[in-house]
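# What the coordinates show
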Amino acid sequence: SAAFPDMPDEDFEDLLESIKTHGQREPITTYENKILDGWHRFKACLQLDINPSFHEYDGKDPVSYVIDLNLNRRHLSPSQKAIAVVTCNAWLQEGRPQKTPPRGGVVTSVNKSSDQMAKEAGVGTRTVERARKVAQSGDKEVIEAVKKGAMSLSEAIKTVYKDDPESVPPEPVKPKTQSTKERLS
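All of the points below concern the structure found in this document. Quick caveat: nothing in here was measured; it's all calculated off a predicted structure.

### Remarks on the environment of Val-66
Along the chain, Val-66 falls in helix 3 (residues 62-70). Expressed as a C-alpha distance, the spacing of Val-66 and Ile-35, which sit 31 residues apart in the sequence, is 9.6 Å.

Here is the structure:
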């Protein structure tokens, strides 16, 4: 998914070599003509002039599918996880707006709260809220920098809201740790 950073160049070269030697072993999963899983396989097949194999996703929640496959597959910072989950959820909202839960009341990504997305991403709610602010800013360079891990959400917020500091959401609260001396008192 485009919500997640590209694989490192060295890993892509290994993928190219694998597909060149063994062919494409896993099909590329699509949904409504968008690649949900297999973007790097797709790029590798095109580069090798191989006709890629596709599989159409037939589940109920394509956004959760993308998140499940990618969130823990890669080594991502909390900022990267939050921006990825927010970006995936925004995609569903844009692509398939729904006012009520679809499919008999099943909670899908389109109607998830910040708390639910934070739990899914394994980050704090405020981290997701900050990711939403960055995503809503529309600053593609800043969003891309967070996605790639080149910028934290804290840095992104400061960049996006440098002209309007009143709009900056608060920093996530870090638990206060007691010193050994304080615990023994």
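So, next bit.
### Focus: the packing of helix 1 (residues 9-22) against helix 2 (residues 39-47)
At a closest axis distance of 10 Å, the pairing of helix 1 and helix 2 adopts a crossing angle of 60°. Regarding the angle of helix 1 to helix 2, the classification is oblique. Between helix 1 and helix 2 lies a crossing whose hand is right-handed. Between helix 1 and helix 2, the contacting residues are Phe-12, Leu-15, Leu-16 and Ile-19 on the first element and His-40, Arg-41, Lys-43, Ala-44, Cys-45 and Gln-47 on the second. Class assignment of the residues belonging to the contact of helix 1 with helix 2 gives a composition of six nonpolar, two polar and two charged.

### What about the side chain of Ser-114?
Residue placement: Ser-114 occurs in helix 6 (residues 114-121). Not counting chain neighbours up to four residues away, the residues in contact with Ser-114 comprise Thr-125, Val-128, Glu-129 and Arg-132.

### Notes on the nonpolar core
Counting residues in each nonpolar core, the largest one holds 30 residues, and the members touching the most others are Phe-4, Leu-71, Cys-88, Val-128 and Val-134. Elements with a minimum of two residues in this core: helix 3, helix 4 (78-95), helix 6, helix 7 (125-137), helix 8 (140-148) and helix 9 (153-160). The dominant element in this core, judged by the number of residues it contributes, is helix 4, at six residues. Residues in contact with Val-134, not counting those within four places in the same chain, are Ile-83, Val-142, Ile-143, Leu-153, Ala-156 and Ile-157. Phe-12, Leu-15, Leu-16 and Ala-44 belong to the second-largest nonpolar core, a separate cluster that totals six residues.

### Examining the pattern of salt bridges
Applying the stated criterion to the full structure yields three salt bridges. The closest approach of N and O atoms between Asp-37 and Arg-41, which form a salt bridge, is 2.9 Å. Considered together, Asp-37 and Arg-41 belong to a single accessibility category, that of buried residues. With a shortest N-O distance of 3.3 Å, Lys-147 and Glu-144 are connected by a salt bridge. Residue Lys-147 and its partner Glu-144 are located together in helix 8, separated by three residues, close to a single helical turn.

### Thoughts on the sheet that holds strand 3 (residues 54-56)
By way of backbone hydrogen bonds, the strands of a sheet pair with one another, either parallel or antiparallel. The sheet built from three strands is open, its strands ordered 2-1-3 with mixed pairing. The sheet is open, and its two edges are formed by strand 2 (34-37) and strand 3, each paired on a single side. For this sheet the average axis-to-axis angle between neighbouring strands, irrespective of direction, equals 45°. With three bridges joining them, strand 1 (residues 28-31) and strand 2 adopt antiparallel strand pairing. The residue of strand 2 that forms the bridge with Thr-29 is Asp-37. On top of the sheet, helix 3 reaches strand 1 and strand 2; it is set at about 45° to strand 2, its chief contact.

### Quick word on the packing of aromatic side chains
Following the criterion strictly, the structure yields four aromatic pairs and no others. Arranged with centres 6.1 Å apart and planes meeting at 50°, the rings of Phe-42 and Phe-54 form a pair that is tilted. You can see Phe-42 sitting in helix 2 and its partner Phe-54 sitting in strand 3, a full 12 residues away along the chain. Pairwise contacts between aromatic rings join Tyr-31, Tyr-57 and Tyr-65 into one cluster. Here the basic side chain of Lys-43 rests over the ring of Phe-12, its NZ or CZ set 5.4 Å away from the ring centre.

### Some details on the environment of Lys-81
Looking at the secondary structure, you find Lys-81 in helix 4. Note: C-alpha distance between Lys-81 and Ala-121 (40 residues apart in sequence) is 5.7 Å. Setting aside its immediate chain neighbours within four residues, Lys-81 contacts Leu-71, Asn-72, Leu-76, Ala-121 and Val-123.

Criteria and thresholds
Residues numbered from 1 in each chain as written. Predicted model: local features only at pLDDT ≥ 70, side-chain atom pairs only at ≥ 80, totals over all residues. Heavy atoms only, no water. Helix = DSSP H or I, 4+ residues; strand = E, 2+ residues; numbered from the N terminus. Axes fitted to C-alpha atoms, helices over the stretch in contact; angles between N-to-C directions. Parallel < 35°, antiparallel > 145°, perpendicular 65-115°, else oblique. Left-handed = near helix turned anticlockwise from the far one by under 90°. Contact = heavy atoms within 4.5 Å. Nonpolar A, V, L, I, M, F, W, Y, C, P; charged D, E, K, R; others polar. Core = buried A, V, L, I, M, F, W, Y, C linked by side-chain atoms within 4.5 Å. Buried < 20%, exposed > 50% of the residue type's maximum accessible area, 1.4 Å probe, protein only. Salt bridge = Lys/Arg side-chain N within 4 Å of Asp/Glu carboxyl O. Pairing = 2+ DSSP bridges. Phe/Tyr/Trp six-rings, centres within 6.5 Å; stacked < 30°, edge-to-face > 60°. Lys NZ or Arg CZ within 6 Å of the ring centre and 35° of its normal.

So, to be careful, I would describe these as geometric facts and stop short of saying anything about function.
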